[in-house]
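# Remarks on the overall topology
Each chain, written out:
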Amino acid sequence: MHDQLHLLVSLQDLDTLIKETGDAKRTAELESMGFSVGNIEPLNSARAHLIEKIDKRYLRIYDRLSSKHVRAVVPVENKTCLGCFQSVPPSFFSEITADRVVKVCENCGRILYLLTG
Amino acid sequence: MIIRLSEFFEEDLFISELKAKDKVGALKEMTEALVNSKRLKHGEGLYEMLQQRESLGSTGIGRGVAVPHGRTLAISRLTVIFARSEAGVEFDSMDGKPVHLLFMTVAPPQERANLYLPVLGKIVETVKSAKTRRQLLKASDFDEITEILEEADEGA
Ligand SMILES: [Zn+2]
């Protein structure tokens, strides 16, 4: 399953975790619940390891989008891009590869991930 | 924010007795339940993300409870997978003891209602009661679990 799209989803999830872990207020809230949130270092090395597997051209797109938006990869739900909330053209769904091939929103350029259901 | 925990538990995401005996196995088995329920297409990404979260510190918070959690793009709404283990799962818990009650909580990053932290907090608060933990372990089916959670919701 380690195709490029899923690696990009993993990278986005990891970056979400890194960002949240770096948020002191949020980390304090988790710690007050009794969770331990330690050093961020393991996440940085996981990230370094992950990006080695991602195609350079996709990484460039990811980095460029990340500098502009909160998230570079966004889900498609109810035929809508959850980045810009515009509808995604039917051609996106008609291809059986929608599940695996890296495609971007025609409107906002974000990388799309089709959710189940 | 008032959270009614009973509303977040679902019968097809309840594992009455885990086969797994360790953390890796438990995370995999619970992720698999999510894939089998069709709420998630592929389990690998979620499993990796949960492991990355564990690398910051175990979510085994003591008293036989673990609350593995994280956000992933691959899920459309906040979801709780509840599993039990009578024998206990080795989870690198803070008190070094095996866990018997596991509440895996996953949420999408774009979740607008922002229920993620409140739900985590509510789970932790609910299982602080030794009586509730005992009842959850003894319950014979999902209906009983729902009743216990509803009672805990009312008591809050
Ligand atoms: Zn878009």
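- The name given to chain B in an unreviewed UniProt entry is PTS sugar transporter subunit IIA, with Eiseniibacteriota bacterium as the source organism.

- Per an unreviewed UniProt entry, the recorded name for chain A is C4-type zinc ribbon domain-containing protein, and the organism is Eiseniibacteriota bacterium.

## Things to note about the overall build of chain B
- The secondary structure content of chain B amounts to 5 helices and 6 strands.
- Of the regular secondary structure in chain B, the N- to C-terminal order runs β-α-α-β-β-β-β-β-α-α-α.
- In terms of overall dimensions, chain B is globule-like: its C-alpha atoms have a radius of gyration of 14 Å, near the 15 Å expected for 156 residues.
- Along the first, second and third principal axes, the C-alpha set of chain B runs to 35 × 35 × 25 Å.
- Out of the 156 residues belonging to chain B, those deemed buried represent 60%.
- When contacts within chain B are restricted to residue pairs at least 6 apart in sequence, long-range pairs at least 24 apart make up 70% of them.
- When the accessible surface of chain B is summed, it comes to about 6700 Å², and 48% of that surface belongs to carbon and sulfur atoms.
- A gap of 4 Å separates the mean positions of the 21 positive and 25 negative side-chain charges of chain B.

Reading the values: the criteria
Residues numbered from 1 in each chain as written. Chains lettered and ligands numbered in written order. Predicted model: local features only at pLDDT ≥ 70, side-chain atom pairs only at ≥ 80, totals over all residues. Heavy atoms only, no water. Helix = DSSP H or I, 4+ residues; strand = E, 2+ residues; numbered from the N terminus. Rg over C-alpha atoms; globule rule 2.2 N^0.38 Å. Buried < 20%, exposed > 50% of the residue type's maximum accessible area, 1.4 Å probe, protein only. Contact = heavy atoms within 4.5 Å. Areas by Shrake-Rupley, 256 points an atom, 1.4 Å probe, with all protein chains shown as cover. Lys, Arg positive; Asp, Glu negative; His and termini not counted. Charge placed at Lys NZ, Arg CZ, Asp CG, Glu CD.

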